[in-house]
Amino acid sequence: MSLPRTLQGVSGVDPNELIAETLISEVAIRERIAVIGGEIARDYAGRPPLIVCVLKGAFVFLADLVRAIDLPVSVDFMAISSYGSGTQTSGIVRIVKDLDITIEGRDVLVVEDIVDSGLTLSYLVKSLQARRPRSIEICTLLTKPDRREVEIPLRYVGFEIPNRFVIGYGLDFDERFRNLPYIAVVDESKLT
Ligand code: 5GP
């Protein structure tokens with residue numbers, strides 16, 4: 001994704017000072033994932049899904065989520081890059097790494113880190129639908145409903161969050177902070 005304009009070119013700023021506050025704690029994430037994992041296991045009983053993880057941001061969520069699903073799921077990965085400038089996501093997505101597993105006839109569950117405008121995921125889902133899966137649903141850890149530009153049905157949602165730029169638990173700022181075990185808000189005022 002493109003970073004907000006205010007976060008670009010911030011060399012010289014101590015990265016640790018960019019964290020304003022914890023938005024979602026490690027414990028809250030763990031508890032929510034246990035609930036979602038249970039729901040997925042119940043909904044997909046007898047038809048274990050092929051879980052498609054959208055790299056890179058969703059890798060931490062995926063790792064915890066699959067261990068909370070008591071079903072023989074399969075997992076595959078896709079990497080995409082979206083074109084856009086500043087805060088705008090164009091929705092035009094280039095597949096950088098495609099799936100190894102054929103999804104035709106499969107029950108596909110796409111795992112995302114965050115849905116913002118929805119443009120990226122909307123494009124991705126359309127391109128996966130062309131491969132004729134039996135079903136396709138979305139599981140996202142975070143959603144920013146206020147930012148939505150296209151309607152996209154989210155079957156499983158971890159948390160609804162306000163329109164703030166967040167990092168941690170897989171989400172990056174300039175490729176850093178993915179290893180924070182919680183979700184934090186970036187303090188944009190420190191960047192000006
Ligand atoms: P969309 O197409 O929905 O506008 O963009 C979704 C992508 O933007 C996400 O997969 C993620 O990579 C990125 N993104 C959106 N909001 C945030 C945010 O608050 N923090 C981070 N680190 N990435 C974000």
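Residues numbered from 1 in each chain as written. Predicted model: local features only at pLDDT ≥ 70, side-chain atom pairs only at ≥ 80, totals over all residues. Heavy atoms only, no water.

Chemist: Even after reading the chapter, I still don't get the packing of aromatic side chains, so can you show me in this structure?
Modeler: How two aromatic rings sit relative to each other is given by the distance of their centres and the angle of their planes. Inspection of every chain in the model, using the stated rule, returns one aromatic pair. Pairing F173 with F177 gives two aromatic rings, centres 6.4 Å apart and planes at 20°, and the pair type is stacked. Residue classification places F173 among the buried positions, given a relative accessible area of 1%. (Phe/Tyr/Trp six-rings, centres within 6.5 Å; stacked < 30°, edge-to-face > 60°. Buried < 20%, exposed > 50% of the residue type's maximum accessible area, 1.4 Å probe, protein only.)

Chemist: Quick question: what am I supposed to make of helix α3 (residues 119–129) here?
Modeler: Where α3 is concerned, the buried positions are L119, T120, L121, S122, L124, V125 and L128. Buried residues along α3 sit in contact with β2 (50–55), β3 (74–82), β4 (93–97), β5 (107–115) and β6 (135–143). (Helix = DSSP H or I, 4+ residues; strand = E, 2+ residues; numbered from the N terminus. Contact = heavy atoms within 4.5 Å.)

Chemist: Explain helix α2 (residues 59–66) here, please?
Modeler: Within α2 the residues assigned to the buried category are V60, F61, L62 and L65. Its buried side turned inward, α2 meets α1 (26–43), β2, β3, β5 and β6.

Chemist: Help me understand the site of the ligand in this model?
Modeler: Surveying the vicinity of the ligand reveals 17 residues, the closest of which are S117, T120, K144, V166 and D172. Between the ligand and T120, the relevant distance is 2.4 Å, taken from an oxygen atom to a side-chain nitrogen or oxygen of the residue. Here K144 contributes a side-chain N or O atom positioned 2.8 Å from an oxygen atom of the ligand. In isolation the ligand offers 510 Å² of accessible surface; the protein chains occlude 93% of this area. Elements with a minimum of two residues in the shell around the ligand: β5 and α3. It is β5 that provides the largest number of residues to the shell around the ligand, a total of four residues. (Near = heavy atom within 4 Å. Polar contact = N/O pair within 3.5 Å; in protein donor to acceptor, adjacent residues only side chain to side chain. Areas by Shrake-Rupley, 256 points an atom, 1.4 Å probe, with all protein chains shown as cover.)

Chemist: Can you walk me through the sheet that holds β4 in this structure?
Modeler: Backbone hydrogen bonds are what pair the strands of a sheet, in a parallel or an antiparallel way. Read from one edge to the other, the open sheet built from six strands follows the order β4-β3-β2-β5-β6-β7, with strand pairing classed as mixed. Edge strands, defined here as strands with exactly one partner in the open sheet, are β4 and β7 (156–160). Sheet twist, expressed as the mean angle between neighbouring strand axes with direction ignored, is 30°. Here β6 pairs with β7 via four bridges, running parallel. Bridging across to β7, T143 finds its partner in E160. The sheet strands contacting α1 are β5, β6 and β7, and the helix crosses β7 at an angle near 160°. (Pairing = 2+ DSSP bridges. Axes fitted to C-alpha atoms, helices over the stretch in contact; angles between N-to-C directions.)

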